[in-house]
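# Chain and residue survey
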Amino acid sequence: MNGLSVSELCCLFCCPPCPGRIAAKLAFLPPEPTYSLLPEPEPGPGGAGAAPSGSLRVSAGTPGRWKVHLTERADFQYSQRELDTIEVFLTKSTRGNRISCMYVRCVPGARYTVLFSHGNAVDLGQMSSFYIGLGTRISCNIFSYDYSGYGVSSGRPSEKNLYADIDAAWQALRTRYGISPDSIILYGQSIGTVPTVDLASRYECAAVVLHSPLTSGMRVAFPDTKKTYCFDAFPK
């Protein structure tokens, strides 16, 4: 892992606060948000109040409309037409955090929707172009979410929050869009394989895809580690 000095590692393992905080320090690398949520006036006569180019309309579960502004770091590769196929909204996890969700309608009437749990150093803004490309190529719609402490999701990233975050995303996908479990493919990438496996152990789904899965939290930081220690996180 990058970003930890020798002194910080010594502090973590010589005087560890708790396994969860060690895992959070080593495994989670939330980037500076690449998008923001802004309130949007309701359209007036003649279409006034329409969202400007580079923004997504959002339902936040509160009165009024919202938009998401993508920064340059989001590196969006498509036109406003593709941008208009994306819906973003906020839901709430059982741990009280506000979770940002993104639904990409890549294919009208798609048989499957991929519930995508992204890697540890990106957010929805950075992944939006990838989702459009992926869904178009495999003829699936894509549903994704930001972990607690990522993007505009509130709270801090932690192992417990990770499980609550994907559960909130699953419930939103099921209830908001009425998609049945046998039409949902769970896809986890890197740290996203952790909540993906947890969710798959609790719910039926169409399929599970694990992309660069973790062996354990310790093995992310120290690949040559052979043992499973008591303070390790995400062990297989």
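Under the annotation held in an unreviewed UniProt entry, the protein carries the name Abhydrolase domain containing 17A, depalmitoylase and is attributed to Marmota marmota marmota.

## Description of the overall build of the protein
When you go through the protein residue by residue, the secondary structure sums to seven helices and nine strands. In the protein, which comprises 236 residues, the share counted as buried stands at 44%. For the protein, the share of sequence-separated contacts (at least 6 apart) that also reach a separation of at least 24 residues comes to 63%. Counting every atom, the protein has about 11700 Å² of accessible surface; 54% of that belongs to carbon and sulfur.

## A short note on the pairing of strand E5 (residues 98-104)
By the criterion of burial, E5 is predominantly enclosed, with six of the seven residues buried. Bridging between strand E4 (residues 86-92) and E5 involves seven bridges; their strand directions are antiparallel. If you follow Thr91 over to E5, its bridge partner there is Ile99. With antiparallel pairing between neighbouring strands as the criterion, E4 and E5 make up a hairpin whose turn holds five residues, including Gly96 at a positive phi of roughly 85 degrees.

## Topic: the nonpolar core
The biggest cluster of nonpolar side chains holds 25 residues, and the ones touching the most others in it are Leu115, Phe143, Tyr145, Leu173, Tyr177, Ile184 and Ile191. For this core, the elements supplying multiple residues, two or more each, are E5, strand E7 (141-145), helix H5 (159-177), strand E8 (184-189) and helix H6 (193-200). With seven residues, H5 is the largest single contributor of residues to this core. Dropping the residues within four chain positions of it, Tyr145 is found in contact with Ile99, Ser100, Cys101, Leu115, Phe116, Ser117, His118, Leu124, Asp165, Ile166, Ala169 and Pro195.

## Re a nonpolar patch on the surface
A surface patch of nonpolar side chains, about 220 Å² in accessible area, is lined by Val197, Val208 and Leu210. In this fold, Leu210 is placed in strand E9 (residues 207-211). When its relative accessible area of 38% is taken as the criterion, Leu210 is described as partly exposed.

## Thoughts on the packing of H5 against H6
For any two helices packed against each other, the geometry comes down to the angle between their axes and how far apart the axes lie. Orientation of H5 relative to H6, taken along the N-to-C sense of each, is 65 degrees, at an axis distance of 9 Å. Judged by the twist between their axes, the crossing of H5 over H6 is right-handed. Residue-level contacts link Leu162, Tyr163, Ile166, Asp167 and Trp170 of H5 to Val194, Pro195, Thr196, Asp198 and Leu199 of H6. Looking at the contact of H5 with H6 residue by residue, the classes come out as seven nonpolar, one polar and two charged.

## Some remarks on the packing of aromatic side chains
As enumerated under the stated definition, the model contains 13 aromatic pairs in all. On the basis of an interplanar angle of 70 degrees and a centroid distance of 6.2 Å, the ring pair of Phe143 and Tyr177 is categorised as edge-to-face. You can see Phe143 sitting in strand E7 and its partner Tyr177 sitting in helix H5, a full 34 residues away along the chain. You'll find Phe143 and Tyr177 in the same group, each marked buried. Ring geometry for Tyr147 against Tyr150: centres 5.4 Å apart, planes inclined by 85 degrees, an arrangement best described as edge-to-face. The class of Tyr150 is buried, set by a relative accessible area of 0%. In this structure, Arg111 packs its charged tip against the face of Tyr112, placed 4.6 Å from the ring centre. Positioned above the aromatic ring of Phe89 is the side chain of Arg176, whose terminal nitrogen or guanidinium carbon lies 4.0 Å from the ring centre.

## Here we look at H6
Within H6, the full set of buried residues consists of Thr193, Val194, Pro195, Thr196 and Leu199. The inward-facing, buried residues of H6 abut strand E6 (113-117), E7, H5, E8 and E9.

Cut-offs used in this document
- Residues numbered from 1 in each chain as written.
- Predicted model: local features only at pLDDT ≥ 70, side-chain atom pairs only at ≥ 80, totals over all residues.
- Heavy atoms only, no water.
- Helix = DSSP H or I, 4+ residues; strand = E, 2+ residues; numbered from the N terminus.
- Buried < 20%, exposed > 50% of the residue type's maximum accessible area, 1.4 Å probe, protein only.
- Contact = heavy atoms within 4.5 Å.
- Areas by Shrake-Rupley, 256 points an atom, 1.4 Å probe, with all protein chains shown as cover.
- Pairing = 2+ DSSP bridges.
- Core = buried A, V, L, I, M, F, W, Y, C linked by side-chain atoms within 4.5 Å.
- Patch = residues over 30% accessible without salt bridge, like charges linked within 9 Å, V, L, I, M, F, W, Y side chains within 5 Å.
- Salt bridge = Lys/Arg side-chain N within 4 Å of Asp/Glu carboxyl O.
- Axes fitted to C-alpha atoms, helices over the stretch in contact; angles between N-to-C directions.
- Left-handed = near helix turned anticlockwise from the far one by under 90°.
- Nonpolar A, V, L, I, M, F, W, Y, C, P; charged D, E, K, R; others polar.
- Phe/Tyr/Trp six-rings, centres within 6.5 Å; stacked < 30°, edge-to-face > 60°.
- Lys NZ or Arg CZ within 6 Å of the ring centre and 35° of its normal.

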